[in-house]
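# Chain and residue survey
For reference, the chains in residue letters:
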Amino acid sequence: MPPTPPPGTAFSSGPHGRSLVATQDFTPGSLIAIFSSPTLALPDGPSMRTTCNYCLRVGSNEGFSPVSLKACTGCRAAVYCGPTCQRAHWKSIHKAECKMFARVRETTGKDWLPTPARALAQVLLTNDKGIRDPFDGSDPLESNLEGFRADEQVWGDFELQAMAAMTYSGVFMNEDGLRVAMRFLCQIQTNAFNRLDADTGMSGIFLDPALARVNHSCVPNAFIGFDKRTATLRAERPIKEGEEITISYIANDKPRSIRREGLRLYYFECDCPRCVDDLDVYQVAQTSPVISLNSFSLQPDLTKFREPAIDKSGISMNQIEIIYKVVYDQTKSEQDTSIEAARTRWKLCKPLVEAKMWAVEPLPTTILLLATNWQTNYKWAVYALPLACFLATQCDPIKLVAPFMPWRIKGVMIITKLLAFTGELTSSGELAKRCTHEGIVGALAMADQVTMCQALLHIVVHQGSIGAAEDWDVLKEAKMMLKDLESLPGRVDESKMVQAWAKDPEDPQAKAFFESEVLKPVNTLASFAPEILEDVLVQGQGSVVRR
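Going by what an unreviewed UniProt entry lists, the protein chain is known as Suppressor of anucleate metulae protein B and is assigned to Podospora comata.

This is the structure we're talking about:
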């Protein structure tokens, strides 16, 4: 059966091929559609032992919602968070693939398959009459078959994956069968979404034929969120009736040549304004229609979006592209959190630092990776706080103007947790012993860190309720923390002021309270970030002091 468009949308065709268009207006943050019955939803190969193979929850004994996993007693390869998921997966696919993993183990010694091979094997195993097209019908999925075929290296890899899937699934292999299986694999590659989230450990692919209709733009008007087996499509900007709904298939804050490389296997060239005019993140932010929504955020000064204090006279977009490529050529990995990699990145990013273009990659990632490294280091966690404040006020709002975007919400939550940590150190008198930066110690000593946490949690809850599902772990944790904070004894007046601000952030008295008790200390802490980065990455880690 061909897919049907979700309510409020319609399938269409245009300059970008098949598409999804709005049949009604959508406001920023509003829910466009929920996709909860995917054709394919599975963890990536190496993660199938750490992720429930049905609901896709990541197993963990820690955190807000611990998840314990138990292996299938038959294959011992697939794991589940409970009997309900195990039964559902057995009925939907695992009854067919359980024996397959025994063959995989006998042949390779492993209990998993590469993600494309397993996805294809599931497609083959669900067809009880041999190979037939599950994506067929009056409107089959795009395959980009000829594009893949023309790339010898990619085609060769696909052929190996297809043969592995056919061999282990027990499907008879012949020339016609391999040809059809290769087309399936091309359709999966073209239409499946990557569920990767490094923060939560979430990984794998998600394929829904209706969702696959949504085309790409580097200046999208919508975004996708994944939660277990469900994908939600929400408006990032205002969408008018009749307008095409678009999302970004890639990280759209990277230089144009890097974005084009990321889109290479989709076999089209993006013609959005960001690509045609080679706009940087500041230029895109300046024209955003959702700037005003930041009045309830950690960057309520809207002039920061419309008139950014940057100096581009000494750097060109071509230079930025060169910096980006050299940074990742020399540091080997975008996720290398070592201090050596951070020092290399910082040195190469000096032209961006001098131009105060803090939101231009690879500078934000350089700061983020160091902050991430320090957050989990007992000795350095205090120094992660100024970096987190800097990212949340100087980088993330420019890269993602809508304050309800999940990445921005996570940034605010990180500050909240770090403040909870530094608050304990402050009250115990340990902060000055742990931190040699007099500015940080002084700012935290003067701040009401509980009030700061309470206000930040209101931001997380408010914006998370707009841009994420109700059962998003970050949102649930924030609500629980907020409830605990607001029940603390002896804080009636402070709590009422925070609640008054959360109810009406434009009320003059409440606004002045927020600016004095929350924004001022956050901005003060953020102001220390550049000198801390310079001290650590140029002078050495032992020199983090306020000069």
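After that view, the rundown keeps rolling.
Helix and strand counts for the protein chain come out as 22 helices and twelve strands. The C-alpha atoms of the protein chain give 25 Å as radius of gyration, which agrees with the globular expectation for 547 residues (24 Å, within 12%). Here the protein chain holds 547 residues, and the buried ones make up 51% of them. Contacts in the protein chain between residues at least 24 apart in sequence constitute 68% of all its contacts with a sequence separation of at least 6. Surface exposure of the protein chain reaches about 25000 Å², of which carbon and sulfur atoms provide 52%. Taking the 58 positively charged and 64 negatively charged side chains of the protein chain as two groups, their mean positions are separated by 5 Å.

A few words on the layout of surface pockets. The volume enclosed by the second largest pocket comes to roughly 340 Å³. Lining the second largest pocket are 18 residues; nearest its centre among them are Pro38, Thr39, Leu40, Ser92 and Thr126. Taken together, the elements giving at least two residues each to the lining of the second largest pocket come down to β4 (40-42), α1 (83-108) and α2 (115-125). Each residue belonging to the lining of the second largest pocket can be placed in one class, and the counts come to eight nonpolar, eight polar and two charged.

Attention now moves to the packing of aromatic side chains. Counted under the stated rule, the structure contains 17 aromatic pairs. Relative to Tyr267, the ring of Phe148 has its centre 5.2 Å away and its plane inclined at 85°; by these criteria the two rings are edge-to-face. Here Phe148 is found in helix α3 (residues 145-150), whereas its partner Tyr267 is found in the loop between α6 (256-262) and α7 (273-276), with 119 residues between them in sequence. Where Trp380 meets Tyr383, the ring centres are 5.0 Å apart and the plane angle is 50°; that geometry is what we call tilted.

Pairing is antiparallel in the open sheet, where three strands are placed in the order β3-β11-β10. Of all the strands in the sheet, just β3 (31-35) and β10 (222-227) have a single pairing partner and so form its edges. Along the sheet, successive strands turn relative to each other by an average axial angle of 20°, direction set aside. Here β10 pairs with strand β11 (residues 230-235) via six bridges, running antiparallel. Each bridged residue has a counterpart across the sheet, and for Phe223 the counterpart in β11 is Arg234.

Let us now look at empty space enclosed by the protein. The method is simple in principle: a probe with the dimensions of a water molecule rolls over the atoms, and the space it marks as empty is what remains. This structure, assessed with the given rule, holds two cavities of 30 Å³ or more. The space that makes up the largest cavity amounts to roughly 110 Å³. When contributions to the lining of the largest cavity are tallied by element, the ones reaching two or more residues are α6 and α10 (317-331). Tallied by class, the residues present in the lining of the largest cavity amount to six nonpolar, no polar and eight charged. Here the second largest cavity defines a volume of roughly 90 Å³. Every residue lining the second largest cavity is listed: Ser297, Leu298, Ala392, Asp396, Pro403, Arg408, Ile409, Val412, Ile459 and Gln463.

On to the side chain of Gln449, then. Summarising the element assignment, Gln449 is placed in helix α18 (residues 449-467). Within the local environment of Gln449, its side chain forms a polar contact with the backbone oxygen of Leu444, the two atoms lying 3.3 Å apart. Ignoring sequence-local partners within four residues, the contact set of Gln449 consists of Leu419, Thr422, Gly423, Thr426 and Leu444.

This brings us to the sheet that holds strand β8 (residues 205-207). With antiparallel pairing, three strands are arranged side by side in an open sheet as β4-β8-β7. The sheet is open, and its two edges are formed by β4 and β7 (193-194), each paired on a single side. Pairing of β4 with β8 involves three bridges; the strand directions are antiparallel. Among the inter-strand pairings, Leu42 is bridged to a residue of β8, identified as Ile205. Strands in contact with α2 are β4 and β8; relative to β4, the strand with the most contacts, it is inclined by about 135°. Sheet strands in contact with helix α5 (residues 175-191) are β4, β7 and β8, and its direction is about 100° off that of β8.

What follows concerns the pattern of salt bridges. This structure, assessed with the given rule, holds 18 salt bridges. Ionic pairing is found between Arg264 and Glu261, a salt bridge with its closest N-O pair at 3.3 Å. What makes Arg264 partly exposed here is its relative accessible area of 36%. For the salt bridge of Lys511 with Glu506, the shortest nitrogen-to-oxygen distance reads 3.8 Å. Classification of Glu506 by relative accessible area gives partly exposed; the value is 44%.

Now for the nonpolar core. If you look at the biggest cluster of nonpolar residues, it comprises 95 residues, and the most contacted ones within it are Leu298, Leu352, Trp358, Trp374, Leu387, Ile415 and Ile440. Sorting elements by how many residues they give to this core places helix α14 (residues 381-399) first, with twelve residues. Grouped together as the second largest cluster of nonpolar side chains are 47 residues, Val123, Ala165, Phe184 and Leu185 included.

Among the eleven residues in α2, ten count as buried, and that is most of the element. Within the sequence span of α2, burial applies to Thr115, Ala117, Arg118, Ala119, Leu120, Ala121, Gln122, Val123, Leu124 and Leu125.

Attention shifts here to the environment of Gln187. Note that Gln187 resides in helix α5. For the pair formed by Gln187 and Leu207, sequence separation is 20 residues and the distance between their alpha carbons is 9.8 Å. One polar contact links the side chain of Gln187 to the main-chain carbonyl oxygen of Leu141, over a distance of 3.1 Å.

A word on the packing of helix α13 (residues 363-375) against helix α22 (residues 529-539). Taken N-terminus to C-terminus, the directions of α13 and α22 make an angle of 80°; their axes are 12 Å apart at the nearest point. Between α13 and α22, the angle is such that the two are roughly perpendicular. Between α13 and α22, the contacting residues are Ile367, Leu370 and Trp374 on the first element and Ile532, Leu533, Val536 and Leu537 on the second. Residue composition of the contact of α13 with α22, grouped by class: seven nonpolar, no polar and no charged.

A word on the packing of α14 against helix α21 (residues 508-527). One way to put it is that α14 packs onto α21 with a least axis distance of 7 Å and a crossing angle of 110°. The angle between α14 and α21 falls in the class roughly perpendicular. Mapping the contact onto sequence places Leu385, Pro386, Cys389, Phe390 and Thr393 in α14 and Val522, Asn523, Leu525 and Ala526 in α21. The residue inventory of the contact of α14 with α21, partitioned by class, reads seven nonpolar, two polar and no charged.

Definitions and cut-offs
Residues numbered from 1 in each chain as written. Predicted model: local features only at pLDDT ≥ 70, side-chain atom pairs only at ≥ 80, totals over all residues. Heavy atoms only, no water. Helix = DSSP H or I, 4+ residues; strand = E, 2+ residues; numbered from the N terminus. Rg over C-alpha atoms; globule rule 2.2 N^0.38 Å. Buried < 20%, exposed > 50% of the residue type's maximum accessible area, 1.4 Å probe, protein only. Contact = heavy atoms within 4.5 Å. Areas by Shrake-Rupley, 256 points an atom, 1.4 Å probe, with all protein chains shown as cover. Lys, Arg positive; Asp, Glu negative; His and termini not counted. Charge placed at Lys NZ, Arg CZ, Asp CG, Glu CD. 1 Å grid on protein atoms, 1.4 Å probe; cavity = no way out; pocket = protein on both sides within 12 Å on 5 of 7 lines; lining within 4 Å. Points joined across faces, edges and corners; volume = space filled by probe spheres on them. Nonpolar A, V, L, I, M, F, W, Y, C, P; charged D, E, K, R; others polar. Phe/Tyr/Trp six-rings, centres within 6.5 Å; stacked < 30°, edge-to-face > 60°. Pairing = 2+ DSSP bridges. Axes fitted to C-alpha atoms, helices over the stretch in contact; angles between N-to-C directions. Polar contact = N/O pair within 3.5 Å; in protein donor to acceptor, adjacent residues only side chain to side chain. Salt bridge = Lys/Arg side-chain N within 4 Å of Asp/Glu carboxyl O. Core = buried A, V, L, I, M, F, W, Y, C linked by side-chain atoms within 4.5 Å. Parallel < 35°, antiparallel > 145°, perpendicular 65-115°, else oblique.

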